[in-house]
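Descriptive structure summary
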Amino acid sequence: MSTQSLGTGRFLWHMVAFRPWLYVTDDFLWTAVYCARLLPGLVAQQAFDALQRGTADPPTIAWICAAFVGTGIAGSVANTAGITIDVLFRFSVSAVLQRNMLAEILRRPGARALDRSPGEALSVFRDDVEHAENGSDWTVDMFSLSVFAILAM
């Protein structure tokens, strides 16, 4: 895939389409991570409502405590899974970009393989790929935080 003539939107689409199941899973998990932050507030609301109604008997208190612990565990599991899938997505994006760049260099004649110094080429392989990787990964955060904001309101 040559990215020289792609606009930003098309480039990001190609990165998402490279492994769509990974991108969708990453989106789902980070949406769960952000939205899990709403759960303790909902549990606290139930606790205060029970106190206000005067129905805060021991079984109700035990269920509310269990709900607090459960929301913490759910948030931790979502966070761990989200980080794992996010790293896999980021590495797959950077790997395909670096592989394509190296393939392009190897396709050129030996005397004209690089149009810059080896140090500049290494910088491109590292820094430019990292910027592209960040751009494709940050779309996950934009989507997830948008869902979080809508649910929070």
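Structure report, in brief.

Cut-offs used in this document
Residues numbered from 1 in each chain as written. Predicted model: local features only at pLDDT ≥ 70, side-chain atom pairs only at ≥ 80, totals over all residues. Heavy atoms only, no water. Helix = DSSP H or I, 4+ residues; strand = E, 2+ residues; numbered from the N terminus. Rg over C-alpha atoms; globule rule 2.2 N^0.38 Å. Buried < 20%, exposed > 50% of the residue type's maximum accessible area, 1.4 Å probe, protein only. Contact = heavy atoms within 4.5 Å. Areas by Shrake-Rupley, 256 points an atom, 1.4 Å probe, with all protein chains shown as cover. Axes fitted to C-alpha atoms, helices over the stretch in contact; angles between N-to-C directions. Parallel < 35°, antiparallel > 145°, perpendicular 65-115°, else oblique. Nonpolar A, V, L, I, M, F, W, Y, C, P; charged D, E, K, R; others polar. Expected span 1.5 Å × (residues − 1). Arc of directions from axis to C-beta. Salt bridge = Lys/Arg side-chain N within 4 Å of Asp/Glu carboxyl O.

Another aspect to go through is the overall build of the protein chain. Assigned secondary structure in the protein chain consists of five helices and zero strands. Counted from the first residue to the last, the protein chain has its helices and strands arranged as α-α-α-α-α. Compactness check: the protein chain gives a C-alpha radius of gyration of 23 Å against a globular reference of 15 Å for 153 residues, more than 25% above the reference. Taken along its principal axes, the extent of the C-alpha atoms in the protein chain is 85 × 25 × 25 Å. Counting all 153 residues of the protein chain, 31% fall into the buried class. Taking as baseline every contact in the protein chain between residues at least 6 positions apart, the subset at least 24 positions apart corresponds to 81%. Accessible area for the protein chain stands at about 10000 Å²; split by element, carbon and sulfur atoms hold 67% of it.

A separate point is the packing of helix 3 (residues 39-53) against helix 4 (residues 58-107). Direction vectors running N to C along helix 3 and helix 4 enclose 170°, while the axes themselves pass 9 Å from each other. On the basis of their axis angle, the class for helix 3 and helix 4 is roughly antiparallel. Across the interface between the two elements, Leu39, Pro40, Val43, Ala44, Gln46, Ala47 and Ala50 of helix 3 pack against Thr60, Ile64, Ala67, Phe68 and Thr71 of helix 4. Counted by class, the contact of helix 3 with helix 4 contains nine nonpolar, three polar and no charged residues.

Turning to helix 3, a few remarks are in order. Here helix 3 spans 21 Å end to end across 15 residues, near enough to the 21 Å set by a 1.5 Å rise per residue. Restricting attention to buried positions, one finds in helix 3 the residues Val43, Ala47 and Ala50. Down the axis, helix 3 shows its buried residues gathered within 65° of arc, on one side only. For helix 3, the exposed residues set more than 90 degrees away from the buried face come down to Phe48, Gln52 and Arg53.

This part is about the packing of helix 1 (residues 8-18) against helix 5 (residues 118-152). At a minimum axis distance of 10 Å, the contact between helix 1 and helix 5 shows a crossing angle of 75°. Considered as vectors, helix 1 and helix 5 are oriented roughly perpendicular to each other. Contacts from Phe11, Leu12 and Met15 in helix 1 reach Ala132, Gly135, Ser136 and Thr139 in helix 5. Across the contact of helix 1 with helix 5, the residue classes tally to four nonpolar, three polar and no charged.

A full pass over the atoms with the stated rule returns five salt bridges. Here glutamate 104 and arginine 107 are joined by a salt bridge, their closest N and O atoms 3.0 Å apart. Highlighted residues: glutamate 104 and arginine 107, both in helix 4, separated by three residues, approximately one helical turn. When the shortest N-O distance is used, the salt bridge between aspartate 127 and arginine 126 registers 2.7 Å. Under the relative-accessibility criterion, arginine 126 is labelled exposed at 52%. One salt-bridge network, in which partners are shared between bridges, spans Arg90, Glu133 and Asp137.

When you line up the elements, isoleucine 83 lands in helix 4. Spatially, the C-alpha atoms of isoleucine 83 and valine 33 are 9.8 Å apart, while their sequence positions differ by 50 residues.

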